[in-house]
Amino acid sequence: TGSFGVFVSRMKKAAPLKLGVPSLEDVDLVAANIRESDSQDMEGLHPGKSIRAIIMGDVEYSKLVYGLYRNGSVQAIFGVVPIADGVGCPWVVGSVAMDENPLPFARASRRLLDMLQRSFPLLDTWVCSRNSRSVHWHKWCGFEFENEKVRLGRDEYFHAVRRLAKNKMETS
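Reading guide: rules and limits
Residues numbered from 1 in each chain as written. Predicted model: local features only at pLDDT ≥ 70, side-chain atom pairs only at ≥ 80, totals over all residues. Heavy atoms only, no water. Buried < 20%, exposed > 50% of the residue type's maximum accessible area, 1.4 Å probe, protein only. Helix = DSSP H or I, 4+ residues; strand = E, 2+ residues; numbered from the N terminus. Pairing = 2+ DSSP bridges. Core = buried A, V, L, I, M, F, W, Y, C linked by side-chain atoms within 4.5 Å. Contact = heavy atoms within 4.5 Å. Arc of directions from axis to C-beta. Phe/Tyr/Trp six-rings, centres within 6.5 Å; stacked < 30°, edge-to-face > 60°. Lys NZ or Arg CZ within 6 Å of the ring centre and 35° of its normal. pLDDT = per-residue confidence, 0-100. Axes fitted to C-alpha atoms, helices over the stretch in contact; angles between N-to-C directions.

Comments concerning the pairing of strand 7 (residues 155-163)
Right, on to step 1. Counting buried positions along strand 7 gives seven out of nine residues, so the element sits mostly inside the fold.
Right, on to step 2. Bridge analysis of strand 5 (residues 122-128) against strand 7 gives seven bridges, and the strand direction is antiparallel. Opposite threonine 125, over in strand 7, you have alanine 160 as the bridge partner.
Right, on to step 3. Where strand 6 (residues 144-152) and strand 7 come together, six bridges link them in antiparallel fashion. The residue bridging leucine 152 from the neighbouring strand is aspartate 155, located in strand 7.
Right, on to step 4. Counting the residues in the hairpin turn of strand 6 and strand 7 gives two residues, including glycine 153, whose phi is positive at 65 degrees.

Structural data, given as structure tokens:
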């Protein structure tokens, strides 16, 4: 079995992600242990504002807010800010712990977005062009990108949307 067997046994031992309602302490924990890519994106859009204040602003304006937990510890906080009827702007802020084992999050991402799209059939967002991890994740999750970049704050962003698939609307 070699290294493949070790890989498989490690996968079996990985604790599953659990969904829950984040507390203020969870927000503080993620803000204090934010992954570098999320920190850079937030600082580029909101210069001079604290990471915690930015996250709390997203929480305040969101209709839906969830935390992702592994072994009882918060890994990420995400939500959707309503833009118009049926249209929402999704956001996610991860802790460095999420980068230590990103596979469970990646595997759950499409299902989590499908869940959010029960309330928001159209997810509309801006993705920092400098953040290759975020660009790849959004594409993998089914977001469609416009080719043109737009300057927002310090950086350039792609406009991206994810539409609820017709077959998902029929089965919901």
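Picking up where we left off.
Section: the nonpolar core
Right, on to step 1. Core analysis: the biggest nonpolar cluster contains 20 residues, and Leu68, Leu113, Leu116, Leu123 and Phe143 have the highest contact counts within it.
Right, on to step 2. For this core, the secondary-structure elements that each account for two or more residues are strand 2 (64-70), strand 3 (73-84), helix 6 (103-116), strand 5, helix 7 (132-140) and strand 7.
Right, on to step 3. Per-element accounting of this core gives the leading share, five residues, to helix 6.
Right, on to step 4. With residues up to four places along the chain from it excluded, the contact list for leucine 68 reads Leu17, Lys18, Leu19, Ser73, Val74, Gln75, Ala76, Phe78, Phe105 and Leu112.
Right, on to step 5. Of all hydrophobic cores here, the second largest spans 15 residues; its members include Val65, Ile77, Val81 and Trp91.

Quick look at helix 2 (residues 24-32)
Residues separated by three or four positions in an α-helix point in the same direction, a consequence of the helix having 3.6 residues per turn.
Right, on to step 1. Residues of helix 2 that are buried: Asp26, Val27, Val30 and Ala31. The buried residues of helix 2 occupy an angular sector of 135 degrees when the element is viewed end-on, so they sit on one face. Among the exposed residues of helix 2, those pointing more than 90 degrees away from its buried face are Glu25 and Ala32.
Right, on to step 2. Lining the buried residues of helix 2 we find helix 4 (51-61), strand 2, strand 3 and strand 4 (87-94).

Let's talk about the packing of aromatic side chains
Right, on to step 1. By the definition in use, this model includes three aromatic pairs.
Right, on to step 2. Summarising the aromatic geometry, the rings of phenylalanine 145 and phenylalanine 158 are spaced 5.7 Å apart at their centres and angled 70 degrees between planes, so their arrangement reads as edge-to-face. Placement of the pair is phenylalanine 145 in strand 6 and phenylalanine 158 in strand 7, with a sequence separation of 13 residues.
Right, on to step 3. In this structure, arginine 110 packs its charged tip against the face of tryptophan 140, placed 3.7 Å from the ring centre.
Right, on to step 4. Taking NZ or CZ as reference, lysine 139 lies 5.3 Å from the ring centre of phenylalanine 145, over its face.

A word on the environment of serine 50
Right, on to step 1. For serine 50, the position within the fold is in the loop between helix 3 (36-45) and helix 4.
Right, on to step 2. When its relative accessible area of 42% is taken as the criterion, serine 50 is described as partly exposed.
Right, on to step 3. For the pair serine 50 and serine 39, spaced 11 residues apart in sequence, the C-alpha separation works out to 9.8 Å.

Some points on the environment of phenylalanine 158
Right, on to step 1. On the accessibility criterion, phenylalanine 158 (15% relative accessible area) is buried.
Right, on to step 2. Look past the residues within four positions of phenylalanine 158 in its chain and what remains in contact with it is Thr125, Trp126, Val127, Ser129, Val135, Phe145, Glu146, Asn147, Glu148 and Lys149.

Observations concerning the confidence of the model for the protein
Right, on to step 1. Per-chain confidence: the protein averages 87 in pLDDT, with 88% of residues scoring 70 or above.
Right, on to step 2. Below a pLDDT of 50 lies the segment residues 1-12, which in the model reaches one contact outside its immediate sequence neighbourhood of four places, other chains included.

Thoughts on the sheet that holds strand 4
Right, on to step 1. Taken in spatial order, the seven strands of this open sheet run 1-2-3-4-5-7-6, and their pairing is mixed. A single partner strand is all that each edge strand has here, and the edge strands are strand 1 (18-20) and strand 6. Taken over all neighbouring pairs, the strand axes of this sheet differ in orientation by 30 degrees on average, direction set aside.

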